[in-house]
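In case you want the letters, here they are:
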Amino acid sequence: MHSEKDYGTRNVNDLTDPKKAKANAGSLIGNKKLKAIVEYIFNGSRFKMYIPSENCYVVFALSNVRCPQPNPSSYARSQGRAAEPFGEASKRHARLSVHQRSVEISCSGMTQGGVVTGDLMIGSGANKRDFSLELVMAGLGYVDQRRIDYGEAPKTLVDAQTSAKAKKLNIWSIEQKKEEVRKMCN
């Protein structure tokens, strides 16, 4: 503050670039749990996170859950796809639950695009809960069908999705209407 010397800048590894992410995947993927801070939310199941112990930024996605696509942001490079129903609701839920908060992640893999996949836990101590389960129970996300077909999806997530479907919560309220229209057309 009062010194004549320049203040040293902190260098953080930006692993949001797929090439860098794949090169450094070994230090992230494993059974260890990492503390992270959610910096940005792309949709309800995809985030940009800062991992202090590894001194890096990563793009993180929930491994078994998908969420509807929200409206593209106003400063997005390309407008991309249109918003899906309940996309904004799932993004809002994620923003209220995890944005700028300390979370615990366990990294299980990496996609071809350099996105780290795994599980996300919010809260601490006795209040720790699985964010994937929370999204599915609220009807704001769904279990990836390929994971169900190959038997890789946890039973708790599949049961939560079945319960949300039965209650016709959020995204499942719309799916029922589409199926009824298909039956009428046949």
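None of these values were measured; they are calculated from a predicted model. (Residues numbered from 1 in each chain as written. Predicted model: local features only at pLDDT ≥ 70, side-chain atom pairs only at ≥ 80, totals over all residues. Heavy atoms only, no water.)

(A) Molecular detail of the pattern of salt bridges. Tallied over the full model, the rule gives seven salt bridges. Across the pair Glu54 and Lys32 runs a salt bridge whose closest N-O atoms are separated by 3.4 Å. Placement of the pair is Glu54 in the loop between strand E3 (46-51) and strand E4 (56-62) and Lys32 in the loop between helix H2 (25-28) and strand E2 (33-43), with a sequence separation of 22 residues. Residue Lys128 is joined to Glu104 by a salt bridge in which the shortest nitrogen-to-oxygen separation is 3.3 Å. Taken together, the positions of Lys128 in the loop between strand E7 (116-122) and strand E8 (129-130) and Glu104 in strand E6 (residues 102-110) put the pair 24 residues apart, joining distant regions of the chain. You can call Lys128 partly exposed: its relative accessible area is 34%. Assessed through its relative accessible area of 12%, Glu104 is described here as buried. Connected through shared salt-bridge partners, Lys35, Glu104 and Lys128 make up one network. (Salt bridge = Lys/Arg side-chain N within 4 Å of Asp/Glu carboxyl O. Helix = DSSP H or I, 4+ residues; strand = E, 2+ residues; numbered from the N terminus. Buried < 20%, exposed > 50% of the residue type's maximum accessible area, 1.4 Å probe, protein only.)

(B) Main features of the pairing of E7. Of all seven residues that make up E7, five are buried, and the element is covered over most of its length. Two elements, E4 and E7, share three bridges in a ladder whose sense is parallel. Note on E7: the bridge partner recorded for Phe60 is Val116. Here E6 pairs with E7 via six bridges, running antiparallel. (Pairing = 2+ DSSP bridges.)

(C) Broad picture of the packing of aromatic side chains. Following the criterion strictly, the structure yields three aromatic pairs and no others. Ring geometry for Tyr50 versus Tyr57: centroids 5.3 Å apart, planes at 50°, classification tilted. One residue, Lys48, lies across the ring of Tyr57, its end atom 4.9 Å from the ring centre. (Phe/Tyr/Trp six-rings, centres within 6.5 Å; stacked < 30°, edge-to-face > 60°. Lys NZ or Arg CZ within 6 Å of the ring centre and 35° of its normal.)

(D) Summary view of the nonpolar core. Ranked by size, the top nonpolar core spans 32 residues in total, and within it Phe47, Met49, Ile105 and Leu120 carry the most contacts. Of all the elements in the fold, those that place two or more residues in this core are E2, E3, E4, helix H3 (87-98), E6, E7, helix H4 (131-137) and helix H6 (155-167). Dropping the residues within four chain positions of it, Ile105 is found in contact with Lys32, Lys33, Leu34, Ala36, Met49, Ile51, Phe60, Asp119 and Leu120. (Core = buried A, V, L, I, M, F, W, Y, C linked by side-chain atoms within 4.5 Å. Contact = heavy atoms within 4.5 Å.)

(E) Seen up close, the confidence of the model for the protein chain. Per-residue pLDDT for the protein chain averages 82, and the proportion of residues at 70 or more is 87%. A low-confidence stretch, residues 181-186 stays under pLDDT 50, and its non-local contacts, those more than four residues away or across chains, total zero contacts. (pLDDT = per-residue confidence, 0-100.)

(F) Spotlight on the environment of Trp172. Mapped onto the elements of the fold, Trp172 is located in helix H7 (residues 171-185). What makes Trp172 buried here is its relative accessible area of 10%. Along the primary structure Trp172 and Tyr142 are separated by 30 residues, whereas in three dimensions their C-alpha atoms are 9.2 Å apart. Ignoring sequence-local partners within four residues, the contact set of Trp172 consists of Gly139, Gly141, Tyr142, Gln161, Ala164 and Lys165.

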